[in-house]
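Notes for the structure review
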Amino acid sequence: MANETVKAPAIKPEERVSDPASVEVLKKAEKECIETCFSRYDTQKNQCKFGTSGVCCKICHMGPCRITPKSPRGICGADADTIVARNYLREVVAGTAAHSDHGRHLVLLLKKVAEGREKDYTIKDVPALLRYSQCYGIKTDGRSNEEIALELSELFIMEFSSQEEPLKTLRLAPEKQQAVWKNTKVEPLGIDRMVVESMHRTHMGVDHDYRNILKQAFRTSLADGWGGARVASMVSDILFGTPSPVRSTANLGVLQVDTVNIIVHGHEPSLSEMLAAAVSDPEIIAYAKKAGAKGVTLAGLCCTANEILMRRGIPVAGNFLQQELAIITGAVEMMIVDVQCVMPSLPQVAKHYHTEIVSATDIARTIGATYFDFDEDNAYESAKSLIRKAIDNYGKRDPAKVAIPQYKNPLVAGFSVEAIRYMLGGTFRGSFRPLNDAIISGRIRGVAGIVGCNNVKSTSDVYTNVLAAELIKNNILVLQTGCSAQCSGKAGCLTPETALQFAGAGLREVCETVGIPPMLHMGSCVDNVRILEAATEIVKEGGLGDDMSKLPAVGVAPEWMSEKAVAIGCYFVASGVDVVLGVPFHISGSANVTRYLEEEAREMFGGAFVTIEDPIEAAKWVMKTIEEARDNLGINKKAERKLLDMKDRRGI
Ligand code: MSK
């Protein structure tokens with residue numbers, strides 16, 4: 001069914017997306033007149049300047065008010081600083097709420113497992129349970145795993161509800177960071193309390209001082225990074241296993257023409273883990289064969305993909321901007337979505353094919369999607385019944401509409417902090433010492449975390465891939481998460497074999513010795529906390545300062561788009577790490593807010609934001625910042641900086 005409202009595209013597919021699989025499918029979409037986020041971007045191109053500069057206030061119903069030089073205050077008297085800061089805090093609140101609600105769901109699942117109320121979920125990783133329990137001083141000797149898990153889950157529940165006590169999880173940070181948070185009065189109380197208080201403070205007529213509002217933004221974000229997201233990551237490890245290096249493949253070419261293809265998309269691992277287990281059940285395989293398929297291919301999109309990639313090596317069909325494209329291959333029987341980053345357009349795209357969009361989460365429904373009431377208490381059978389429904393759709397596939405691009409690349413993922421520690425020193429001598437020594441000696445100049453989404457505002461994946469290549473060439477170890485890690489995976493840069501060709505000599509030597517790639521896939525966007533965990537380990541190991549703000553380390557969000565990314569950026573900055581944004585915040589309408597986030601934050605925390613929309617310029621800034629940190633630490637030996645030329649980049 002062609003959508004006749006779609007106009008001829010003004011921009012070539014190659015300018016919208018960079019990987020060949022996406023180019024191919026986008027051409028198919030245009031040929032079949034199917035609307036995608038890319039064509040809708042064309043219709044939204046004259047984006048509201050009041051919105052992009054953050055000066056539109058619709059917090060009360062006297063408005064909306066818009067700030068201009070001629071009308072510098074809204075009806076209530078709020079100026080641009082107040083309005084921009086309030087809008088910004090609300091973004092941080094939404095991001096924190098999203099990660100933390102994900103964490104809450106997992107904590108409640110852990111509690112049910114501990115109480116023996118779950119038959120299909122178990123404590124899969126007992127060492128993780130013991131490791132994390134000991135972090136909180138929970139007694140482990142002589143107690144059953146269930147007793148320990150129950151106490152840990154109850155402690156985690158208190159992290160959400162604590163009214164007067166700061167989060168206990170803050171104590172996992174280096175002591176200096178904890179002191180900074182105490183002195184600057186940004187120690188968060190319970191996660192839920194922070195979210196509620198921030199919403200209260202941004203209600204009409206409450207907090208109007210932009211500095212006070214922005215300080216609350218950092219405080220709320222800490223309830224995410226050193227609260228809800230950190231808890232989510234730890235509980236995932238306990239229930240589903242701590243990731244360790246695993247090989248897989250990425251890009252739309254992981255779909256297969258002769259199997260039933262099921263894609264899981266979103267963020268939460270509880271259903272996708274069960275699907276990953278059930279998909280190879282002999283009963284399911286037999287059912288698929290009876291339907292005329294060779295079997296069932298399960299693949300992932302966005303961060304649900306990362307969760308099951310990291311633990312099970314399930315292939316990645318694509319990242320954020322490929323969710324509609326996956327359906328347009330015509331070869332997807334079912335896309336099962338949970339929460340976050342799921343486009344409401346999916347059922348609209350799916351109606352051109354036989355694909356069924358299934359929402360398996362009551363809080364995330366979309367018109368046109370089937371709602372499936374996933375029964376967590378009978379999870380395995382529930383997952384199997386969903387897979388059978390997908391298999392039933394196989395017969396409805398129209399072979400004439402199927403075109404799977406034959407592009408996919410091998411990758412290695414699964415670099416949890418535990419895995420990195422093990423790789424650096426083995427079971428008995430695992431430690432971050434070899435990494436610290438490599439940084440001190442200058443073979444590795446520093447570390448960059450490259451994280452975040454795709455955004456239609458730039459050609460997808462380009463910024464991430466150019467930046468990452470530039471940095472490893474200059475001996476900077478790259479840690480990645482989220483859709484950004486999937487960019488590198490699709491580009492073939494997440495294997496030791498390919499990426500080492502492009503790494504600088506020092507980084508290559510270390511990576512070859514230890515057996516790791518120079519770009520490490522550390523997980524989903526919730527797992528950004530693993531990067532902070534790694535930074536904490538480096539600080540604790542010694543020799544590189546006693547504070548994360550002193551480390552030769554920078555965070556970059558090249559193509560970010562979600563409110564979660566705003567919260568993530570804030571908790572990195574509040575942890576002392578400079579953050580480069582490839583896409584600007586909606587704050588340009590207030591010079592004071594901009595100055596606070598780009599300058600004053602550094603005085604408080606030792607880190608700040610900078611916006612650099614060009615990847616080469618960003619690489620130069622990261623290298624400069626890392627060298628300055630090395631100078632300050634007194635460990636610098638001058639290294640040759642070599643920027644990639646066009647030939648190198650094309651090679652990558
Ligand atoms: S899925 S938040 S597009 S990384 Fe985590 Fe990707 Fe960004 Fe969603």
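In this text, all values refer to a predicted model and were calculated from it rather than measured experimentally. (Residues numbered from 1 in each chain as written. Predicted model: local features only at pLDDT ≥ 70, side-chain atom pairs only at ≥ 80, totals over all residues. Heavy atoms only, no water.)

Observations concerning the site of the ligand
Within the structure, the ligand sits among 13 residues, and H267, C303, C341, C453 and C483 are positioned closest to it. Contributions of two or more residues to the shell around the ligand are made by α13 (302-312) and α20 (482-490). The residue makeup of the shell around the ligand, split by class, is eight nonpolar, four polar and one charged. Viewed by domain, the shell around the ligand spans two of them, domain 2 (252-401) and domain 3 (417-633), each represented by three or more residues. (Near = heavy atom within 4 Å. Helix = DSSP H or I, 4+ residues; strand = E, 2+ residues; numbered from the N terminus. Nonpolar A, V, L, I, M, F, W, Y, C, P; charged D, E, K, R; others polar. Domains from an automatic or database assignment.)

Here we look at helix α16 (residues 379-394)
Over its 16 residues, α16 runs 23 Å from end to end, which matches the ideal 22 Å to within 8%, given 1.5 Å per residue. Within the span of α16, buried status applies to A379, S382, A383, K384, L386, I387, A390, I391, N393 and Y394. Those residues of α16 that are buried are in contact with β4 (260-266), α11 (269-278), α12 (282-290), β5 (296-301), β7 (334-337) and β8 (356-359). (Expected span 1.5 Å × (residues − 1). Buried < 20%, exposed > 50% of the residue type's maximum accessible area, 1.4 Å probe, protein only. Contact = heavy atoms within 4.5 Å.)

Section: the environment of E613
Structurally, E613 can be placed in the loop between β16 (609-611) and α26 (615-633). Spatially, the C-alpha atoms of E613 and P558 are 7.9 Å apart, while their sequence positions differ by 55 residues. When sequence neighbours within four positions are dropped, the list of residues in contact with E613 reads Y463, G582 and P584.

Structural notes on the packing of aromatic side chains
One pair of aromatic rings is described through two measures. These are the centre distance and the angle between the planes. Considering all chains together, one arrives at nine aromatic pairs under this definition. Taking 5.7 Å as the distance between ring centres and 55° as the angle between the ring planes, the aromatic pair formed by W181 and W226 counts as tilted. Of the two residues, W181 is situated in helix α8 (residues 175-183) and W226 in helix α10 (residues 210-240); the sequence distance between them amounts to 45 residues. Residue W181 shares its accessibility class with W226, and that shared class is buried. The structure contains a cluster of three or more aromatic residues connected by ring pairs, namely Y88, W560, F585 and F609. Between R131 and the ring centre of Y132, over which it is positioned, the NZ or CZ distance is 4.8 Å. (Phe/Tyr/Trp six-rings, centres within 6.5 Å; stacked < 30°, edge-to-face > 60°. Lys NZ or Arg CZ within 6 Å of the ring centre and 35° of its normal.)

Side note on the domain arrangement of the protein chain
As far as domains go, the protein chain holds domain 1 (65-240), domain 2 (252-401) and domain 3 (417-633). Contact with domain 1, which involves 38 residues of that partner, is made by 41 residues of domain 3. With both sides pooled, the region where domain 1 packs onto domain 3 buries about 3400 Å², and carbon together with sulfur makes up 66% of that total. The partner of E418 in a salt bridge is R131, with the nearest N and O atoms 3.6 Å apart. Those elements giving two or more residues to the side of domain 1 that touches domain 3 turn out to be α5 (80-114), α8 and α10. At 15 residues, the largest contribution of residues to the side of domain 1 that touches domain 3 is made by α10. (Buried area = accessible area lost by both parts, 1.4 Å probe. Salt bridge = Lys/Arg side-chain N within 4 Å of Asp/Glu carboxyl O.)

Observations regarding the environment of S588
Following the sequence through the fold, S588 ends up in the loop between β15 (578-581) and α25 (591-605). Take S588: its relative accessible area is 57%, and that puts it in the exposed class. Here the alpha-carbon distance between S588 and N528, two residues 60 residues apart in the chain, equals 27 Å. Non-local contacts of S588, meaning those with residues more than four positions away in its chain, are made with T52, S53 and T594.

Regarding the pattern of salt bridges
Following the criterion strictly, the structure yields 47 salt bridges and no others. Put simply, R311 and D237 hold a salt bridge, and the shortest N to O gap is 2.9 Å. With R311 in helix α13 and D237 in helix α10, the pair connects residues that are 74 residues apart, well separated along the chain. You can call R311 buried: its relative accessible area is 16%. On the basis of relative accessible area, D237 is assigned to the buried category, the value being 0%. Residue D437 pairs with R433 through a salt bridge whose shortest N-O separation is 3.1 Å. Of this pair, D437 and R433 both sit in helix α18 (residues 433-441), four residues apart, which is roughly one turn of that helix. Its relative accessible area of 36% is what places D437 among the partly exposed residues.

Notes on the side chain of S484
Looking at the element boundaries, S484 is found in helix α20. Judged by relative accessible area, S484 falls into the buried class, the value being 0%. Of the polar contacts made by the side chain of S484, one reaches the backbone oxygen of I450; its length is 3.2 Å. Not counting the four nearest positions on each side in its chain, S484 is found in contact with I450, V451, G452 and T464. (Polar contact = N/O pair within 3.5 Å; in protein donor to acceptor, adjacent residues only side chain to side chain.)

Section: the nonpolar core
With 181 residues, the main nonpolar core has Y88, F218, I336, L471, V580 and F609 as its most contacted residues. When residues of this core are assigned to their parent elements, the largest contribution, 16 residues, is made by α10. Those residues in contact with F218 that sit more than four places away from it in its chain are C570, V573, A574, Y596, L597, A601, F605 and F609. Ranked by size, the runner-up nonpolar core spans 36 residues in total, among them V17, C37, L321 and A331. (Core = buried A, V, L, I, M, F, W, Y, C linked by side-chain atoms within 4.5 Å.)

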